[in-house]
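# Inside the fold
For reference, the chains in residue letters:
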Amino acid sequence: DTLPQGNWLEELISFLAAHPRAVLAQPLVTLLSEPELINTSGNRCHYLGFGLMTDYRQPVSSIGTQPASIDSASGAAVTIRASWLKSATLFPPYWFMYLEDVALSWQARLMGCEVWLVPTAVVQHRHTLSHVSRSYYHLERNRWRLLLAVYRWQTLVLLGPALALMELGQLAFALSEGLLTTRVRLWCGLFDGSAWRETWTLRQSYQRLRQVSDYETTRQFCATFPKELLPSAAVQKVANPIFGWYWRLTKWCSWW
């Protein structure tokens, strides 16, 4: 579902060769149906585990040509340093699908490595916004697995009120979208014995890779959801201010 443009691969390889701390390099991903518009110029990471496209449907001309550090590379198109990939934790069968790109990018940051956008490399992507019901279970399950694997326990405790508030918001969302059964199945799946063992194994793997603090890992992360992706008033006028305030209050405390 992608169509590379010009010397995209050479641009990415040249960048990685010149920047040894960079382990993931993403091209500018544009819409295949409207190549003058951006699909994503690198993804933002929300501190509660969400991966968010940036500059969606903005003109390509708004980006410029200078490489930029990003939170997370998009799995639609990304070049990964092979030597780093051999040291990373890859995906066990129970991960299955969704948030793989976020998980790799969080690992890179946990190891003190860098993730970059190289906008002179361009790949067109066939992208459509599908109804969330198709991916909701796996997105939310893997978001929680990622949080439990990456963050130190102190950080999880510190973020506990925000995580609980997000769960209430997700419950309201599930009710409004007819996904309550899916949400209940998610909770049951997260807390059964085999799931805990799987998550604990994943956590041990991630913590062995750790080179930096949670503060350093998350210092670029965002606390709000962009209007072009989630335009609802509840998100923009209620959730964003609350989660933004909480992150400003707590991010400086995660020095461990």
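My aim in this report is to walk through the structure given alongside it, one point at a time. (Residues numbered from 1 in each chain as written. Predicted model: local features only at pLDDT ≥ 70, side-chain atom pairs only at ≥ 80, totals over all residues. Heavy atoms only, no water.)

### Concerning the overall build of the protein
Within the protein, the secondary structure is distributed over 10 helices and 8 strands. Computed over the C-alpha atoms, the radius of gyration of the protein is 18 Å, within 12% of the 18 Å expected from 2.2 N^0.38 for a compact globule of 256 residues. Principal-axis analysis of the C-alpha atoms gives the protein an extent of 50 × 40 × 35 Å. For the protein, restricting intrachain contacts to residue pairs at least 6 apart in sequence, the fraction spanning at least 24 positions comes to 78%. With an accessible surface of roughly 12400 Å², the protein has 61% of that area assigned to carbon and sulfur atoms. (Helix = DSSP H or I, 4+ residues; strand = E, 2+ residues; numbered from the N terminus. Rg over C-alpha atoms; globule rule 2.2 N^0.38 Å. Contact = heavy atoms within 4.5 Å. Areas by Shrake-Rupley, 256 points an atom, 1.4 Å probe, with all protein chains shown as cover.)

### Digging into the environment of Leu229
Structurally, Leu229 is set in the loop between helix H9 (214–218) and helix H10 (233–250). The exposure class assigned to Leu229 is partly exposed, which follows from its relative accessible area of 22%. When sequence neighbours within four positions are dropped, the list of residues in contact with Leu229 reads Leu52, Met53 and Tyr56. (Buried < 20%, exposed > 50% of the residue type's maximum accessible area, 1.4 Å probe, protein only.)

### Here we look at the packing of aromatic side chains
Overall, the coordinates contain 10 aromatic pairs when judged by the stated rule. Measuring from ring centre to ring centre gives 4.3 Å for Tyr47 and Trp247, while their planes differ by 10 degrees; the resulting arrangement is stacked. With a gap of 200 residues between them, Tyr47 in the loop between strand S4 (43–45) and strand S5 (51–53) and Trp247 in helix H10 connect regions that are remote in the sequence. In this pair, the class of Tyr47 matches that of Trp247, namely buried. Three or more aromatic residues joined by ring pairs make a cluster, and in this case those are Trp106, Tyr151 and Phe221. The aromatic ring of Tyr137 is capped on one face by Arg185, whose charged end is 4.0 Å from the ring centroid. Over the ring of Trp153 we find Arg203, and its NZ or CZ is 4.0 Å from the ring centre. (Phe/Tyr/Trp six-rings, centres within 6.5 Å; stacked < 30°, edge-to-face > 60°. Lys NZ or Arg CZ within 6 Å of the ring centre and 35° of its normal.)

### A word on a nonpolar patch on the surface
Together, Leu165, Leu168, Val238 and Ile242 make up an exposed nonpolar region whose accessible area comes to about 340 Å². Within the residue set of the nonpolar patch, elements represented by two or more residues are helix H6 (160–176) and H10. Along the polypeptide, Leu168 turns up in helix H6. Judged by its relative accessible area of 56%, Leu168 is exposed. (Patch = residues over 30% accessible without salt bridge, like charges linked within 9 Å, V, L, I, M, F, W, Y side chains within 5 Å. Salt bridge = Lys/Arg side-chain N within 4 Å of Asp/Glu carboxyl O.)

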